[in-house]
Protein chains: 4
Amino acid sequence: MMRVGIVGASGYTGVELARILAGHPDIHLTVATSRQYAGMPLAEVFPNLRKRVDVICENLPPEELVDRADFFFTAVPHKTAMDIVPMLLAAGKKVVDLSADFRIRDASIYEAWYQEHTSPHLLSEAVYGLPELYRAQVRKARLTANPGCYPTSVILATTPLLRAGLIDPSTLIIDSKSGTSGAGRSASVGSLFCEVADGFRPYKVGGSHRHIPEIEQELSLAAGTPVTVSFTPHLLPVSRGILSTIYATLTDAGKAADLHALYAETYRDEPFVRVLPAGALPATQHVRGSNCCDLSLIQDVRTSRLIVMSAIDNIVKGASGQAVQNMNLMNGFPETTGLMGAPFFP
Amino acid sequence: MMRVGIVGASGYTGVELARILAGHPDIHLTVATSRQYAGMPLAEVFPNLRKRVDVICENLPPEELVDRADFFFTAVPHKTAMDIVPMLLAAGKKVVDLSADFRIRDASIYEAWYQEHTSPHLLSEAVYGLPELYRAQVRKARLTANPGCYPTSVILATTPLLRAGLIDPSTLIIDSKSGTSGAGRSASVGSLFCEVADGFRPYKVGGSHRHIPEIEQELSLAAGTPVTVSFTPHLLPVSRGILSTIYATLTDAGKAADLHALYAETYRDEPFVRVLPAGALPATQHVRGSNCCDLSLIQDVRTSRLIVMSAIDNIVKGASGQAVQNMNLMNGFPETTGLMGAPFFP
Amino acid sequence: MMRVGIVGASGYTGVELARILAGHPDIHLTVATSRQYAGMPLAEVFPNLRKRVDVICENLPPEELVDRADFFFTAVPHKTAMDIVPMLLAAGKKVVDLSADFRIRDASIYEAWYQEHTSPHLLSEAVYGLPELYRAQVRKARLTANPGCYPTSVILATTPLLRAGLIDPSTLIIDSKSGTSGAGRSASVGSLFCEVADGFRPYKVGGSHRHIPEIEQELSLAAGTPVTVSFTPHLLPVSRGILSTIYATLTDAGKAADLHALYAETYRDEPFVRVLPAGALPATQHVRGSNCCDLSLIQDVRTSRLIVMSAIDNIVKGASGQAVQNMNLMNGFPETTGLMGAPFFP
Amino acid sequence: MMRVGIVGASGYTGVELARILAGHPDIHLTVATSRQYAGMPLAEVFPNLRKRVDVICENLPPEELVDRADFFFTAVPHKTAMDIVPMLLAAGKKVVDLSADFRIRDASIYEAWYQEHTSPHLLSEAVYGLPELYRAQVRKARLTANPGCYPTSVILATTPLLRAGLIDPSTLIIDSKSGTSGAGRSASVGSLFCEVADGFRPYKVGGSHRHIPEIEQELSLAAGTPVTVSFTPHLLPVSRGILSTIYATLTDAGKAADLHALYAETYRDEPFVRVLPAGALPATQHVRGSNCCDLSLIQDVRTSRLIVMSAIDNIVKGASGQAVQNMNLMNGFPETTGLMGAPFFP
């Protein structure tokens with residue numbers, strides 16, 4: 001049994017990590033940190049975990065933390081992650097970091113979108129933890145940067161096209177819609193039930209969302225050329241789920257290609273990526289509670305554009321599920337352990 | 001008091017017409033037809049109307065219908081409208097038709113997207129009932145074709161740009177999200193609570209939604225050149241509301257223009273169009289229950305694209321509210337009568 | 001035009017007062033106070049009010065407040081109301097207070113459930129503002145204590161039975177369910193979308209909710225004997241609406257009576273109380289956005305119990321709508337002015 | 001690997017059975033019947049099951065059905081179950097029936113609430129499949145009658161009290177609230193999203209819901225005396241979840257007892273019943289997607305009443321999860337296999 005710790009257990013990614021890990025036969029959750037709830041059982045903070053998770057929240061000084069587990073998830077805000085991860089690595093632990101701090105390979109880009117990076121030397125070592133793209137590297141990683149939720153939905157949806165030169169990358173427009181759990185669990189008026197329920201709205205429109213550099217980094221690598229995208233996030237009145245609707249103009253190669261076959265082939269052996277039958281469309285309610293990413297492609301012959309759609313559960317494949325998938329790879333467990341539950345519907 | 005009839009009162013646009021008309025001081029709702037609920041008070045079919053609406057549903061032969069009111073709303077499916085409207089006009093009545101049957105000026109385009117048109121002679125007479133564009137014509141109309149919900153949200157959002165040549169029309173991509181009332185009140189598994197709630201999905205992707213010819217007709221007129229758009233509708237887990245996120249590449253003129261000032265100026269005197277302060281973004285929960293259309297423009301300087309967003313209540317400004325606005329214009333009532341209620345929030 | 005002020009305009013009852021008053025032809029909203037949003041247009045705090053409400057939030061010292069309006073709504077928390085209302089009255093203004101501070105006639109009971117009362121002399125003067133019970137007194141009141149949301153739903157539902165001795169008051173059990181707007185607009189984790197959505201839970205179970213003394217005061221007056229009730233509130237995943245399900249054992253007189261006729265008769269001329277046809281059941285979605293209270297009675301012959309059900313919109317008839325109804329009565333306006341809008345459905 | 005069949009796989013209990021069974025290591029789902037979707041993969045009917053469930057829907061004549069599996073779930077409407085179950089038993093198969101047909105021990109009571117019973121001889125053999133009460137009997141059963149959703153929530157909540165004589169059974173009032181999945185997947189206007197969302201309503205008030213005889217049967221057995229209850233179901237705007245709020249007057253023994261200790265003791269070793277810490281209250285969002293039943297007791301000293309609250313997921317512990325729990329018991333698998341997943345939150 002590997003001893004696992006969650007640093008920052010009292011947010012929505014923390015409770016979801018604990019939920020998933022409770023069904024993982026090869027690990028034991030030995031430590032969960034929370035400043036706010038120190039001393040309280042995690043199952044009292046999140047009563048869904050009662051009789052399933054017995055860890056007590058602690059507010060530990062870093063030096064005590066490292067002795068308490070063999071593997072760590074850091075589920076803390078960016079900047080805070082940068083302050084903790086180097087110490088965990090120095091103590092010989094492996095880490096999956098769920099923040100943005102180690103996702104951007106180029107420190108100057110990170111600093112343009114976030115703030116100064118205090119551990120830039122780790123950026124070249126950190127592996128971008130999208131197993132479908134970087135499985136081999138994740139297996140060997142000490143530090144995996146768990147992808148953002150929106151980027152996961154976008155990169156899985158477009159990489160095969162970009163690699164094969166089937167779309168014009170300069171035409172990429174990404175219209176994404178996310179459930180409210182993506183806003184986290186801190187008390188703010190904008191996330192109150194009455195502000196969100198029975199409504200829908202865009203936010204951070206016009207190229208300002210911090211997931212943009214992460215998306216562009218990976219799409220540029222796939223395209224072999226710098227890619228700049230239009231990305232518009234929206235807030236859905238649901239707790240879980242991201243649906244991205246992605247538009248791009250097909251190249252001549254793209255018009256001639258069997259795109260569905262390409263996707264079916266690319267993701268055939270992936271346990272968590274489901275390329276829908278031709279004509280079928282994804283829905284967040286069909287991936288809810290699971291580590292699945294559903295993909296669909298539809299060609300608009302009137303405009304020579306392709307529309308790619310992807311659906312994930314933002315706190316599973318978009319966060320905690322993918323983090324456990326990475327943990328499995330980094331530690332030699334079967335990649336799907338604890339993650340094969342089918343989505344919940346209804 | 002003008003006597004008003006609703007043909008097809010038992011759908012969601014019917015009940016909303018009845019609700020709005022109940023607060024209109026210059027009319028009396030004298031007849032409401034419904035095959036299914038004939039003999040039942042409309043306020044029993046829709047208990048929200050109790051003590052406010054006293055009309056009884058009837059299943060009337062057309063010849064009796066015409067004597068019972070001076071003005072008619074036809075809130076029936078397309079094709080059925082074509083069968084009824086000519087008779088009402090022939091009897092000297094004015095009509096606002098909420099179906100698609102008289103929205104498309106070119107019968108061949110109508111027939112390509114719908115079916116044979118049995119009254120093509122009325123197409124040139126029918127006025128497209130978007131008052132902000134066609135107010136003068138609506139005032140004189142016998143027959144007003146009430147716009148579709150998606151088209152209303154799109155046309156108000158983009159016409160000023162197209163008229164002024166500020167965007168490249170060939171780059172128009174419209175990503176729209178609608179509440180479930182748009183699917184109507186007929187019993188179908190896909191509209192069940194458990195299928196829609198806590199989820200989100202696209203539908204009719206790739207250029208197949210029947211609102212496309214209507215959108216393209218009006219945008220082409222605005223642009224002075226044929227416009228073909230990409231249009232993707234999605235289903236929101238809310239009852240009311242449409243939010244359209246519209247992408248287009250700015251022309252050089254567009255990059256140089258003060259777009260916010262253009263919109264503020266264009267819609268300054270419109271009682272129902274609200275151009276948001278620069279930087280503010282629309283939300284369906286801020287137009288809910290009202291005849292308002294909220295508009296916002298954000299420029300993405302990284303991609304030279306403009307993002308225009310519009311929010312309406314799909315069964316008010318997108319259907320019944322706009323229909324009453326048209327009725328007011330056609331009959332010399334103040335345009336805003338019965339329609340000035342502020343949106344509900346929360 | 002009467003000048004009206006709202007003290008505490010930035011909560012959900014504040015925005016709803018502003019929305020309703022925007023449709024009231026006899027008043028002008030001249031002042032709205034908010035510490036947090038001072039200097040900001042109320043329509044920027046609540047964008048639903050754009051182009052409908054033009055008041056600017058202010059943080060005014062009391063002495064300036066009194067000159068700015070002829071009539072005041074105090075929509076502030078209890079205790080704060082006590083500090084403001086006496087000053088407004090002293091300046092010759094009439095007030096509808098939406099807090100609990102003047103609802104309880106007996107200061108010692110108020111103090112047992114809340115805190116010390118600093119203006120007990122006003123308790124005998126304040127009129128409990130349920131117009132269906134106290135219309136004549138409200139007309140003459142300087143200070144009206146606007147009823148709580150739960151009490152409104154309970155008192156209208158049970159008073160006719162208690163007055164006529166048709167139920168045994170000692171058997172009264174009230175199971176109430178409220179929308180989340182009742183929790184107010186302050187940022188708290190428990191009111192976040194993700195905590196409330198797609199769920200349901202009781203709170204303050206076992207006789208601890210502060211609406212209990214208010215309910216018992218009015219039911220005791222109706223019964224002519226002290227009444228103690230079991231009252232359990234629950235939190236619904238909706239923004240608006242209260243449904244109370246009330247159980248009581250019928251007396252012999254109650255078993256013999258025509259209860260539906262009694263209710264139909266009692267509320268026949270009430271514009272806002274709708275006694276449903278026998279067998280029909282209320283639903284919060286049928287009163288949403290309106291000042292209506294829907295009532296239904298069903299007898300359970302197997303247990304000799306009566307079940308009374310009532311539905312209101314908690315921030316209209318349960319707060320701001322009833323407050324405007326009281327304002328109308330206190331100032332000689334028609335009681336229904338601004339309040340006759342039919343509920344929204346769907 | 002035991003071969004398992006689902007008769008009636010295309011309803012919400014069917015898809016949930018398939019979802020749970022997909023994670024069960026000891027069985028293989030070999031047959032799923034559906035008249036409507038015959039020939040279609042079940043994962044196409046319910047796309048959440050893609051890449052997890054590979055069974056094809058079939059419309060099989062009974063004689064073919066029996067050869068295709070060793071164990072059957074019948075998830076068909078009452079009456080239909082009666083027609084199929086005897087044949088399955090006759091072929092030597094074990095069955096968990098999810099309908100009401102074998103829950104009522106007394107055929108005359110069944111016939112008073114439902115219709116004629118065509119297999120009354122099976123009623124004495126059928127075991128009421130609430131494992132917490134009848135575990136030993138279920139282990140030996142050929143035919144288990146899976147309890148109704150409301151009865152599960154009520155019986156687990158009250159049996160310890162009734163067995164120990166701590167409440168007066170004649171005072172039992174049960175106010176239950178259920179998610180909409182309980183209404184099934186058939187297309188009906190009343191279950192449309194727009195009819196249910198953002199609302200709340202009671203139904204079948206006054207002693208008419210068919211779960212009443214089932215509740216009374218089990219509570220009478222627990223009390224050792226005939227029990228008649230008031231039971232009011234309500235419809236929640238959520239897909240999953242039942243919360244029952246149960247009122248009863250304490251006997252003198254009840255007032256003196258440590259009720260929380262009694263419950264903690266009674267359910268200590270139950271894997272799926274969670275007695276909450278004193279003062280904590282259940283919430284449907286804390287059992288969502290799991291086989292858990294959360295229980296809480298609060299005493300109202302003002303009225304000498306006890307309020308017991310229970311929360312379950314109506315299609316897991318209230319249907320398909322409990323059915324798998326019974327299957328496990330009937331076949332010697334560990335009782336919790338496939339069922340230990342923690343609830344989803346948020």
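Further up the page is the structure itself.
These lines cover the structure that appears in this document, whether it is placed above or below.

Conventions and cut-offs
Residues numbered from 1 in each chain as written. Chains lettered and ligands numbered in written order. Predicted model: local features only at pLDDT ≥ 70, side-chain atom pairs only at ≥ 80, totals over all residues. Heavy atoms only, no water. Core = buried A, V, L, I, M, F, W, Y, C linked by side-chain atoms within 4.5 Å. Buried < 20%, exposed > 50% of the residue type's maximum accessible area, 1.4 Å probe, protein only. Contact = heavy atoms within 4.5 Å. Buried area = accessible area lost by both parts, 1.4 Å probe. Salt bridge = Lys/Arg side-chain N within 4 Å of Asp/Glu carboxyl O. Polar contact = N/O pair within 3.5 Å; in protein donor to acceptor, adjacent residues only side chain to side chain. Helix = DSSP H or I, 4+ residues; strand = E, 2+ residues; numbered from the N terminus. Nonpolar A, V, L, I, M, F, W, Y, C, P; charged D, E, K, R; others polar. Least-squares fit on C-alpha atoms with pLDDT ≥ 70 in both. Pairing = 2+ DSSP bridges.

This next bit is on the nonpolar core. Residues A:Phe73, A:Met327, C:Phe73 and C:Met327 are the most contacted members of the largest nonpolar core, which totals 197 residues. Residues within four places of A:Met327 in sequence aside, it is in contact with A:Met2, A:Val4, A:Leu21, A:His24, A:Ile27, A:Phe71, A:Phe73, A:Val96 and A:Phe333. Core analysis: the second largest hydrophobic core is formed by 172 residues, B:Leu156, D:Leu130, D:Leu172 and D:Cys194 among them.

This next bit is on the interface of chain A and chain B. Across the contact, 52 residues belong to chain A and 52 residues belong to chain B. Between chain A and chain B lies a buried interface of about 4,000 Å² when both sides are counted; carbon and sulfur atoms form 56% of it. Contact with chain B buries area across many residues of chain A, yet A:Asp198, A:Phe200 and A:Arg302 alone supply 17% of it, more than any other trio. Remark: the boundary between chain A and chain B carries six salt bridges. Applying the counting rule to chain A against chain B returns 28 residue pairs in polar contact (both at pLDDT 80 or more). Counting only elements with at least two residues in the side of chain A that touches chain B, the list comes to strand 8 (173–178), helix 8 (193–196), strand 9 (201–202), helix 9 (212–223), strand 10 (230–235), strand 11 (242–249), strand 13 (293–300) and strand 14 (305–312) of chain A. At four residues, the largest contribution of residues to the side of chain A that touches chain B is made by strand 8 of chain A. Looking at side-chain class alone, the side of chain A that touches chain B contains 26 nonpolar, 15 polar and 11 charged residues.

In this structure the tally under the stated criterion is 80 salt bridges over all chains. For B:Arg135, the salt bridge goes to B:Glu270, with nearest N and O atoms at 2.7 Å. Placement of B:Arg135 in helix 6 (residues 131–140) and of B:Glu270 in the loop between helix 11 (259–266) and strand 12 (273–275) is noted, with a sequence separation of 135 residues between them. Residue B:Arg135 shares its accessibility class with B:Glu270, and that shared class is buried. For C:Arg142, the salt bridge is made with C:Glu125, and the minimal N-O distance between the two is 2.7 Å. Of this pair, C:Arg142 sits in the loop between helix 6 (131–140) and strand 7 (143–145) while C:Glu125 sits in the loop between helix 5 (107–113) and strand 6 (127–128), and the two are 17 residues apart along the sequence. C:Arg142 sits in the partly exposed class, given a relative accessible area of 35%. Residue classification places C:Glu125 among the partly exposed residues on the basis of a relative accessible area of 30%.

You can overlay chain C on chain A at an RMSD of 0.0 Å; the transform is a turn of 180° with a shift of 0.0 Å along its axis. These values place the two chain copies in the arrangement generated by a two-fold rotation axis. When the interface residues of chain C are mapped onto chain A, 100% of them again fall at the interface, so both copies present the same face.

Residues and elements named next belong to chain D. Of all the seven residues making up strand 2 (residues 27–33), six are buried; the element is thus mostly covered by neighbouring parts of the structure. Bridge count between strand 2 and strand 3 (residues 57–58): two bridges; the pairing is parallel. Within the sheet, the bridge partner assigned to Thr33 lies in strand 3 and is Glu58.

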